[in-house]
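# Structure at a glance
Residue strings, one per chain:
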Amino acid sequence: MLGNEKYQGKGYGTEAVNLILDYGFSLLNLRSISLSVFEYNEIGYNLYKKVGFREVGRLRKKIEIMGEIYDEIIMDILKEEFQSVYIK
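Throughout what follows, the structure given in this document is the object of discussion. This structure is a prediction, so every number in the text was calculated from the model and none was measured. (Residues numbered from 1 in each chain as written. Predicted model: local features only at pLDDT ≥ 70, side-chain atom pairs only at ≥ 80, totals over all residues. Heavy atoms only, no water.)

## Overview of the nonpolar core
Within the largest apolar cluster, 14 residues are counted, with the highest numbers of intra-cluster contacts made by L21, F53, M75 and I77. Of all the elements in the fold, those that place two or more residues in this core are α1 (12-27), β1 (32-38), α2 (42-51) and β3 (68-78). When near neighbours in sequence (up to four residues on either side) are disregarded, F53 contacts V17, L21, I33, S34, L35, Y48, M75, D76 and I77. (Core = buried A, V, L, I, M, F, W, Y, C linked by side-chain atoms within 4.5 Å. Buried < 20%, exposed > 50% of the residue type's maximum accessible area, 1.4 Å probe, protein only. Helix = DSSP H or I, 4+ residues; strand = E, 2+ residues; numbered from the N terminus. Contact = heavy atoms within 4.5 Å.)

Following this line, the structure appears as structure tokens:
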């Protein structure tokens, strides 16, 4: 999580996710990587979509925060959908 606003929007999150994906697919030889993100986290959701994750399901009405109810979104990416940037 990049909590300090002066570091947000600079591509650090995208680079970190790409590094993790590259490690998982290139070195650990994983075939698929999945994650979950809560519906209220639009920035996170859009970042995951940007790097190639696809929504594969939802756990409806999973969490309530200050009277608002949100879904948990399940996303994944397959090895063949990811373009390695760092590890060849």
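## Let's talk about the pairing of β1
The side-chain alternation of β1 yields one buried face, formed by I33, L35 and V37, and one unburied face, formed by S32, S34, S36 and F38. Bridge count between β1 and β3: seven bridges; the pairing is antiparallel. Residue pairing for β3: S36 is matched across the bridge by I74. (Pairing = 2+ DSSP bridges.)

## Side note on the packing of α1 against α2
Between α1 and α2, the least distance of the axes is 10 Å, while the angle of their chain directions is 50°. Viewed along their axes, α1 and α2 adopt a mutual orientation that is oblique. Of the two elements, α1 crosses α2, and the hand of that crossing is right-handed. Each of G13, T14, V17, N18 and L21 in α1 lies in contact with α2, whose residues at this interface are L47, Y48, K50 and V51. (Axes fitted to C-alpha atoms, helices over the stretch in contact; angles between N-to-C directions. Parallel < 35°, antiparallel > 145°, perpendicular 65-115°, else oblique. Left-handed = near helix turned anticlockwise from the far one by under 90°.)

## Here we look at the pattern of salt bridges
According to the stated counting rule, one finds six salt bridges in the structure shown. Two residues, R58 and E55, come together in a salt bridge whose shortest N-O distance is 2.8 Å. Of the charged contacts in the structure, one is a salt bridge between R58 and D71, with a shortest N-O distance of 3.2 Å. With R58 in strand β2 (residues 54-65) and D71 in strand β3, this residue pair connects regions lying 13 residues apart in the sequence. The class for R58 is partly exposed, based on a relative accessible area of 36%. D71 gets classed as buried once you look at its relative accessible area, which sits at 14%. Here the residues in one salt-bridge network are E39, E55, R58 and D71, joined through shared partners. (Salt bridge = Lys/Arg side-chain N within 4 Å of Asp/Glu carboxyl O.)

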